Amino acid sequence: MGTFSLAAATVVGKPLYLHCLYSHFLLPSSPLLHFNPSYQRNSPNRKSPAVTGACSSVTAKPSSELRRKSGRSDSGHDDKLRALRELFSKPGVGVDAYIIPSQDAHQSEFIAECYMRRAYISGFTGSAGTVVVTRDKAALWTDGRYFLQAEKQLSSSWILMRAGNIGVPTTAEWLNDVLDPGCKVGIDPFLFSFDAAEELREDLSKKNHELVLLYNTNLVDEIWKQSRPKPPSGQVRLHNLKYAGVDVSLKLSALRSHLTDAGCTAIVISRLDEIAWLLNLRGDDVPHSPVMYAYMVVEIDGAKLFIDGHKVTAEVMNHLLAAGVELKPYESILDTVENLALEGACLWIDASSVNAAIVNTFKSVCDEHSGNLRNRKKYNAETHATINGKFSDGPTGVYRSSPLAVAKAVKNEAEIEGMRNSHLRDAAALAEFWAWLEDEILKGATITEVEIADQLLEFRSKQDGFMDTSFDTISASGANGAIIHYKPEPESCSVVDVKNLFLLDSGAQYVDGTTDITRTVHFGEPTAWEKECFTRVLQGHIALDQAVFPENTPGFVLDAFARASLWKVGLDYRHGTGHGVGAALNVHEGPQSISFRFGNMTPLQKGMIVSNEPGYYEDHAFGIRIENLLCVREMETPNRFGGIGYLGFERLTFVPIQSKLVYLSLLSMAEIHWLNDYHGQVWQKVSPLVEGSARQWLWKNTRPLVQQ
């Protein structure tokens, strides 16, 4: 429990309402890779890559070379920057710089189109990034997944900051360097968590800069105007109890027990997937994520859902009333939080997810009460008077991580069974897809990356319970595979052929589960180097799949398992190895992860679902990734050192791994046995679900390998 302050921040506009503009692994990566140019492999046919797997430069510079080759014009985004800067001097604004994050008011990774402000102002469409605009400079920070994409999409007016590389400053460090001391930096407080805003304020104060919270306006929205997409308005649906596993009343009861144990009287919930999970509801407000825009306040004796009432059907309304949940307008969240403070509530706040506007609304009343209480204590001390023998403690905030994060991440049996079933149907769709694609390519058909993604969607949409994709399909041929979160566009995508590696990372939302799978294949003859890189990635995938570890082990401890084979020859990759996955919810889910970022101490627990996706990428050459989803399970071990249990993984994904790309001489007998056993399970589980050419393809691609 702790207290935080934004006392030195300037607040512009009284936070009494939410304006109408607030009507989603790999988690962000910070690569620290350094390729040794003197490293040479001893394998025959080794070709030295023209560009190494890590960025060769860590200096900030305009990223326009690739864009100039495509003939892209910079004028549109230059006009937007000029219009934005003109607002800096507007009455009621008065800033020298403005920060535009990727998130919406709920810190979502995927967001509705109307909230894609960073993409609108910069032209960069990756899911992670932060823009900073001063009166004469514009810079974008993004992580290693998006370096190449940002190079292509940013105009020459922009500076690309490769976040995490040595020598690249943070946004606050850069502002402290380029601004004269004593400047004002503006943000929209609805788009920053309270923790993020506090950290930013503290960092900027080192150069006497002031953080200005612009409550009543978002500067990007002012220049976006009529062309801005409308807020989503789709209807909310019930998530069937046979998939949810636990009814709403039991979930609310468990949450209230947490409140009581912490001495709290209420909690404010902001994350969209937590609200959807708690209420057994799903929506379609956000692409790829079955959630709806809403806030929630749960008290000991009641609960309120803040949502656009037009989205709530009669069936959903009855469902909410039966659980004791009251409906409130989405825009009234600040009024309710202010009233909670006036009523003396002890409010549980996850300051890492609840936005600064909400937290500051509550804190302002708390601070006012504290000031009044000090004055009353002083007066009564002088007159020797008391009020009923004591003073009221007044409203207080308890700052802790949301208790719903882990509760949602630890899946119950119904959720796990739904994930198993949806993955098998997904595997059937993929078998049909791969059989079709391989046949088309070998016949010499001309097929683009976009056409492949569209065709995959067609195969998936025929499966029972299909709802949506779980993220934009990464259909990447050759050099595009090195762009870790590449998104093909019709006007610029590549043709898939027999000469290059092809990486396909895709997933689906089903009524009973969420899938995420990556396979890398070659339709011709891969080079020796491509085969070695693929095999080393496979070895890392196998090592993590087979890991057995003590209870209470955080995910970062396992990350090295997946990298060790690459590390042996001086290679690595720029992203985490695994992210949490929701059950018919967000494809990227916390708090668990498997990553080199050792700050996440969340232990892996039975029932959590994580991805296993090591990779290797050579810029402007190729990309390799192999991804399955895993469910954490208890393991039977002959010993229990320290009296604790041990955990391992159950595989959820069953799709063949292309044997053509495997160097058998690099694999141990145990690794060959793993691959053969995996393919045996794929055939056993998936073959009853397919027929014809798909079944023939599945048979051919699950035959056991034999060590020569």
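Note that the structure is a prediction, hence the values are computed from the model and not measured.

A. Region of the structure containing the overall build of the chain. Regarding its fold elements, the chain presents 20 helices and 32 strands. The burial tally for the chain puts 59% of its 708 residues in the buried class. Working note: accessible area of the chain is about 28,400 Å², and carbon and sulfur atoms make up 52% of it.

B. The arrangement of the pattern of salt bridges in detail. The tally for this structure, following the rule as stated, stands at 32 salt bridges. For aspartate 136, the salt bridge identified is with lysine 137, shortest N-O distance 3.6 Å. By relative accessible area, lysine 137 is classed as partly exposed at 30%. One salt bridge connects arginine 420 with glutamate 417, and the closest N-O pair in it is separated by 2.9 Å. Of the two residues, arginine 420 and glutamate 417 are both situated in helix 15 (residues 413-442); the distance of three residues between them amounts to about one turn of the helix. Looking at arginine 420, the relative accessible area reads 26%, which means it is partly exposed.

C. Region of the structure containing unusual backbone geometry. Proline 591 follows glycine 590 through a cis peptide bond whose omega is 5°. Along the polypeptide, proline 591 turns up in strand 27 (residues 589-594). You will see that lysine 225, though not glycine, has its phi angle at about 50°, which is positive. Lysine 225 sits in the exposed class, given a relative accessible area of 56%. The backbone of asparagine 552 shows a phi angle near 70°, a positive value even though the residue is not glycine. Mapped onto the secondary structure, asparagine 552 falls in the loop between strand 25 (549-550) and helix 18 (556-567).

D. Structural detail: the packing of aromatic side chains. Using the criterion set out here, one finds 19 aromatic pairs in the structure. Plain terms: the ring middles of phenylalanine 433 and tryptophan 436 are 6.1 Å apart, the flat faces sit at 40° to each other, and that makes the pair tilted. Highlighted residues: phenylalanine 433 and tryptophan 436, both in helix 15, separated by three residues, approximately one helical turn. For phenylalanine 433, a relative accessible area of 0% gives the class buried. By relative accessible area, tryptophan 436 is classed as partly exposed at 23%.

E. The sheet that holds strand 13 (residues 302-306), seen in detail. Strand order in this open sheet of six strands is 14-13-12-10-15-16, and the pairing throughout is mixed. The sheet is open, and its two borders are formed by strand 14 (325-328) and strand 16 (396-399), each paired with just one other strand. Strand-to-strand twist across the sheet, computed as the mean angle between neighbouring axes with direction ignored, equals 20°. The pairing of strand 10 (residues 266-269) with strand 15 (residues 346-349) spans two bridges and is parallel. By the bridge assignment, isoleucine 267 is partnered in strand 15 with tryptophan 348. Contacts from helix 10 (residues 272-279) reach strand 10, strand 12 (295-299), strand 13 and strand 14, with the element oriented near 55° to strand 12.

F. Structural detail: the packing of helix 15 against helix 20 (residues 692-700). Where helix 15 meets helix 20, the closest approach of the two axes is 8 Å, and the angle between their N-to-C directions is 90°. Between helix 15 and helix 20, the angle falls in the class roughly perpendicular. Contact residues: helix 15 offers Ala431, Glu432, Trp434, Ala435 and Glu438, while helix 20 offers Ser693, Ala694, Trp697, Leu698 and Lys700. Each residue belonging to the contact of helix 15 with helix 20 can be placed in one class, and the counts come to six nonpolar, one polar and three charged.

G. Structural detail: the sheet that holds strand 21 (residues 501-506). Taken in spatial order, the three strands line up as 19-21-24 in an open sheet, and their pairing is antiparallel. With partners counted over all chains shown, the strands left at the sheet margins are strand 19 (474-477) and strand 24 (517-522), one partner each. Strand-to-strand twist across the sheet, computed as the mean angle between neighbouring axes with direction ignored, equals 10°. In terms of strand pairing, strand 19 meets strand 21 through four bridges, oriented antiparallel. Pairing of isoleucine 474 across the sheet is with aspartate 505, part of strand 21. Those strands touched by helix 15 are strand 21 and strand 24, and its axis lies near 155° from that of strand 21.

H. Region of the structure containing the pairing of strand 31 (residues 628-635). Looking at chain direction, strand 28 (residues 609-612) and strand 31 are connected through four bridges and run antiparallel. Residue valine 610 lies in a different strand from strand 31, and its bridge partner there is leucine 630. Inspection of the sheet shows strand 31 paired to strand 32 (residues 646-651) by six bridges, in the antiparallel sense. Residue pairing across strands places methionine 635 opposite tyrosine 646, the latter belonging to strand 32.

I. Representation of the packing of helix 17 (residues 528-545) against helix 19 (residues 669-686) in the model. Across the interface, helix 17 lies against helix 19 with an axial gap of 11 Å and an inter-helix angle of 80°. In terms of their interaxial angle, helix 17 and helix 19 are classed as roughly perpendicular. In this structure, helix 17 contributes Leu538, Gln539, His541, Ile542 and Asp545 to the contact, and helix 19 contributes Glu671, Trp674 and Leu675. Partitioning the contact of helix 17 with helix 19 into residue classes produces four nonpolar, two polar and two charged.

J. Representation of the environment of serine 253. For serine 253, the location among the structural elements is in helix 9 (residues 248-262). C-alpha of serine 253 to C-alpha of isoleucine 300: the two residues are 47 residues apart in sequence and 9.0 Å apart in space.

K. Representation of the confidence of the model for the chain. Taken as a whole, the chain shows an average pLDDT of 88; of its residues, 85% reach a score of 70 or greater. This stretch, residues 1-73, has a pLDDT under 50; its non-local contacts, to residues over four places away or in other chains, come to 203 contacts. Low pLDDT, under 50, characterises residues 377-392; the stretch is placed with nine contacts to residues that sit more than four places away or in other chains.

L. Representation of helix 17 within the structure. Relative to the 26 Å expected for 18 residues at 1.5 Å per residue, helix 17 spans 25 Å between its end C-alpha atoms, a close match to the ideal helical length. Within helix 17, 17 of the 18 residues are buried, leaving the element largely enclosed by the surrounding structure.

M. Expanded view of the pairing of strand 29 (residues 615-618). Because side chains alternate across strand 29, one face comprises the buried residues Gly615 and Tyr617, and the other comprises Tyr616 and Glu618, equally buried. When strand 29 meets strand 30 (residues 622-625), the two strands line up antiparallel, connected through four bridges. The residue of strand 30 that forms the bridge with glycine 615 is arginine 625. Between strand 29 and strand 30, which pair antiparallel and follow one another directly, the connecting turn spans three residues, one of which, histidine 620, has a positive phi of 65°.

So, how was this worked out
Residues numbered from 1 in each chain as written. Predicted model: local features only at pLDDT ≥ 70, side-chain atom pairs only at ≥ 80, totals over all residues. Heavy atoms only, no water. Helix = DSSP H or I, 4+ residues; strand = E, 2+ residues; numbered from the N terminus. Buried < 20%, exposed > 50% of the residue type's maximum accessible area, 1.4 Å probe, protein only. Areas by Shrake-Rupley, 256 points an atom, 1.4 Å probe, with all protein chains shown as cover. Salt bridge = Lys/Arg side-chain N within 4 Å of Asp/Glu carboxyl O. Phe/Tyr/Trp six-rings, centres within 6.5 Å; stacked < 30°, edge-to-face > 60°. Pairing = 2+ DSSP bridges. Axes fitted to C-alpha atoms, helices over the stretch in contact; angles between N-to-C directions. Contact = heavy atoms within 4.5 Å. Parallel < 35°, antiparallel > 145°, perpendicular 65-115°, else oblique. Nonpolar A, V, L, I, M, F, W, Y, C, P; charged D, E, K, R; others polar. pLDDT = per-residue confidence, 0-100. Expected span 1.5 Å × (residues − 1).

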